[in-house]
Amino acid sequence: MEEFRMAEQFSTLAEEIINYQKKNDMPDTQLAFNLRITVERLHDIKSMESQPTPEEKKLIEDFVR
């Protein structure tokens with residue numbers, strides 16, 4: 001059950017990133033630059049290939065919310 005909750009939060013974060021980018025017409029390169037992470041890392045998080053670290057999660061949430 002805990003794993004499901006983490007996956008759900010993870011997919012919610014990916015959705016929030018995508019919605020923020022659409023709303024602000026912001027490409028991946030610009031968002032990654034603003035977050036100070038690599039574009040590759042942003043892609044991994046958005047595609048849910050890997051989970052963000054707690055620091056990345058907070059950084060992203062603070063930026064897109």
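Cut-off values and rules
Residues numbered from 1 in each chain as written. Predicted model: local features only at pLDDT ≥ 70, side-chain atom pairs only at ≥ 80, totals over all residues. Heavy atoms only, no water. Axes fitted to C-alpha atoms, helices over the stretch in contact; angles between N-to-C directions. Helix = DSSP H or I, 4+ residues; strand = E, 2+ residues; numbered from the N terminus. Parallel < 35°, antiparallel > 145°, perpendicular 65-115°, else oblique. Left-handed = near helix turned anticlockwise from the far one by under 90°. Contact = heavy atoms within 4.5 Å. Core = buried A, V, L, I, M, F, W, Y, C linked by side-chain atoms within 4.5 Å. Buried < 20%, exposed > 50% of the residue type's maximum accessible area, 1.4 Å probe, protein only. Arc of directions from axis to C-beta. pLDDT = per-residue confidence, 0-100.

1. Digging into the packing of helix H2 (residues 28–35) against helix H4 (residues 54–64)
1) Next: Running from amino to carboxyl end, H2 crosses H4 at an angle of 115°, the nearest separation of the two axes being 10 Å. Classed by the angle they form, the pair H2 and H4 counts as roughly perpendicular. Regarding H2 and H4, the two cross each other, and that crossing is right-handed. Two secondary-structure elements touch here, H2 through Leu-31, Asn-34 and Leu-35 and H4 through Leu-59, Ile-60 and Phe-63.

2. Re the nonpolar core
1) Next: Core analysis: the biggest nonpolar cluster contains 12 residues, these being Leu-13, Ile-17, Tyr-20, Met-26, Leu-31, Ala-32, Leu-35, Ile-37, Leu-42, Ile-45, Ile-60 and Val-64.
2) Next: Among the elements of the structure, helix H1 (2–24), H2, helix H3 (39–46) and H4 are those that each provide at least two residues to this core.
3) Next: With residues near it in sequence (within four places) discarded, Tyr-20 still touches Met-26, Leu-31, Phe-63 and Val-64.

3. Remarks on H3
1) Next: Regarding H3, the residues found buried are Arg-41, Leu-42 and Ile-45. Angularly, the buried residues of H3 cover 100° about the axis, an arc narrow enough to put them on a single face.
2) Next: At the exit of H3 stands Met-48, carrying a positive phi of roughly 65°.

4. Considering the confidence of the model for the protein
1) Next: Across the protein, the average pLDDT comes to 91, with 85% of residues at or above 70.
2) Next: Put simply, H1 is where the protein has its lowest mean pLDDT, 82, and H2 is where it has its highest, 98.

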